[in-house]
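Here are the chains, one letter per residue:
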Amino acid sequence: MRFGFDIDDTLIDLRGHALSIYNRKLKKAVEPSALQQLNTLEIHSLYDLTDDEGFKMWNQHQEEIFFTNCKAFPGALELLQKLAAMGHEIFYITARGADYCQQTKVWMKQFGFPIEEGHFFCGMKDHEKVNIIKDLQLDYYVDDKPQILQTLKETKVTCLLKDQSYNQAACDWERIKDWQVYLRNIDQ
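Residues numbered from 1 in each chain as written. Predicted model: local features only at pLDDT ≥ 70, side-chain atom pairs only at ≥ 80, totals over all residues. Heavy atoms only, no water.

Side note on the side chain of H17
Logical step 1: The topology assignment puts H17 in helix α1 (residues 14–26).
Logical step 2: In this structure the side chain of H17 is engaged in a polar contact, spanning 2.6 Å, whose partner is the side chain of T68.
Logical step 3: Among residues more than four places away in sequence, those in contact with H17 are E64, I65, T68, N69 and C70. (Helix = DSSP H or I, 4+ residues; strand = E, 2+ residues; numbered from the N terminus. Polar contact = N/O pair within 3.5 Å; in protein donor to acceptor, adjacent residues only side chain to side chain. Contact = heavy atoms within 4.5 Å.)

Structure representation (structure tokens):
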């Protein structure tokens, strides 16, 4: 089978990692549990930053956020390694900018993500992901953004939504709340 995955906030906890960096840079102590109450992808409102200030903060620290010690969600890495060991094809489709494509691929390989040549796509806008997903003829695709999955409704791709506080209004897809539970289901 052919499995496709978004990366940020689907396989890795980028918002949680950004929160720890923002806390350090802004000398604040916003608790990680605050993310569970936040109904937006962006976290700057937790720091009383305006949209412009939040955009500037993100851009100033984007490389540090992307390439330091951001953790995979528990069970996500193990699931991908298991799928690869079972002979399934794994594709990564991320909207991270083209400037970060090679560095992201290297970073993920260092953390043990199974990446094959030609199975890593980045540098596109969210709305452009759908074309890549369709061209790859994926069997499954997982993302945290319902807008992406919505564009795939008329395809044969089985879409799964990585559960996040900001996507609670979406109800059209099976949710992955816990990668470890999903991993156990693969084992059965």
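After that view, the rundown keeps rolling.
A look at the state of the cysteines
Logical step 1: Summed over all chains, the structure comprises one disulfide.
Logical step 2: A disulfide bridge connects C101 with C122, and the sulfur atoms are separated by 2.0 Å. In this pair, C101 is assigned in helix α4 (residues 101–110) and C122 in the loop between β3 (120–121) and α5 (129–136), connecting sequence segments 21 residues apart.
Logical step 3: A residue is classified by how much of its surface remains accessible, and C101, at 21% relative accessible area, is partly exposed.
Logical step 4: Looking at C122, the relative accessible area reads 16%, which means it is buried.
Logical step 5: You can see C159 has no disulfide; the closest cysteine sulfur is in C171, sitting 14 Å from it.
Logical step 6: Classification of C171 by relative accessible area gives exposed; the value is 67%. (Disulfide = S-S within 2.5 Å. Buried < 20%, exposed > 50% of the residue type's maximum accessible area, 1.4 Å probe, protein only.)

Some remarks on the pattern of salt bridges
Logical step 1: Throughout the structure, instances matching the rule amount to nine salt bridges.
Logical step 2: Put simply, R2 and E89 hold a salt bridge, and the shortest N to O gap is 2.8 Å. In this pair, R2 is assigned in strand β1 (residues 2–5) and E89 in strand β2 (residues 89–93), connecting sequence segments 87 residues apart.
Logical step 3: Given a relative accessible area of 28%, E89 falls into the partly exposed group. (Salt bridge = Lys/Arg side-chain N within 4 Å of Asp/Glu carboxyl O.)

Considering the confidence of the model for the protein
Logical step 1: This prediction gives the protein a mean pLDDT of 91; 97% of its residues lie at or above 70.
Logical step 2: No element of the protein has a lower mean pLDDT than helix α7 (residues 179–187), which averages 72, and none a higher one than β2, which averages 96. (pLDDT = per-residue confidence, 0-100.)

A short note on α5
Since the α-helix advances by 3.6 residues per turn, residues separated by three or four positions end up pointing in the same direction.
Logical step 1: Within α5, burial applies to K129, V130, I132, I133 and L136. All buried residues of α5 project into a common sector of 165° when viewed along the axis, lining one side.
Logical step 2: Just downstream of α5, Q137 is the residue with a positive phi angle, here 50°. (Arc of directions from axis to C-beta.)

Focus: the packing of α1 against helix α2 (residues 51–67)
Logical step 1: Here α1 crosses α2 at 110°, and the two axes come no closer than 10 Å. Here α1 lies roughly perpendicular to α2, going by the angle between them. Note that α1 runs across α2; the crossing there is right-handed. Facing α1, whose interface residues are L14, H17, A18, I21, Y22, R24, K25 and L26, α2 presents G54, M57, W58, H61, E64, I65 and F66.
Logical step 2: Residues of the contact of α1 with α2, tallied by class, amount to nine nonpolar, three polar and three charged. (Axes fitted to C-alpha atoms, helices over the stretch in contact; angles between N-to-C directions. Parallel < 35°, antiparallel > 145°, perpendicular 65-115°, else oblique. Left-handed = near helix turned anticlockwise from the far one by under 90°. Nonpolar A, V, L, I, M, F, W, Y, C, P; charged D, E, K, R; others polar.)

Focus on α4
Logical step 1: Residues T104, K105, W107 and M108 constitute the buried set of α4. The arc that holds the buried residues of α4, viewed along the axis, is 165°, so those residues lie on one side. More than 90 degrees from the buried face of α4, the exposed residues found are Q102 and Q110.
Logical step 2: In this structure, the buried residues of α4 make contact with α2, β2 and β3.

Topic: the packing of aromatic side chains
Logical step 1: Here the structure, examined in full by the defined rule, presents 11 aromatic pairs.
Logical step 2: Here the aromatic rings of F3 and Y140 are separated by 5.0 Å at their centres, their planes lie at 10°, and the arrangement is stacked. Residue F3 is found in strand β1, and its partner Y140 is found in strand β4 (residues 140–143); the two are separated by 137 residues along the sequence.
Logical step 3: Overall, F3 belongs to the buried group, its relative accessible area being 6%.
Logical step 4: Arranged with centres 6.5 Å apart and planes meeting at 85°, the rings of Y92 and F113 form a pair that is edge-to-face. Of this pair, Y92 sits in strand β2 while F113 sits in the loop between α4 and β3, and the two are 21 residues apart along the sequence. (Phe/Tyr/Trp six-rings, centres within 6.5 Å; stacked < 30°, edge-to-face > 60°.)

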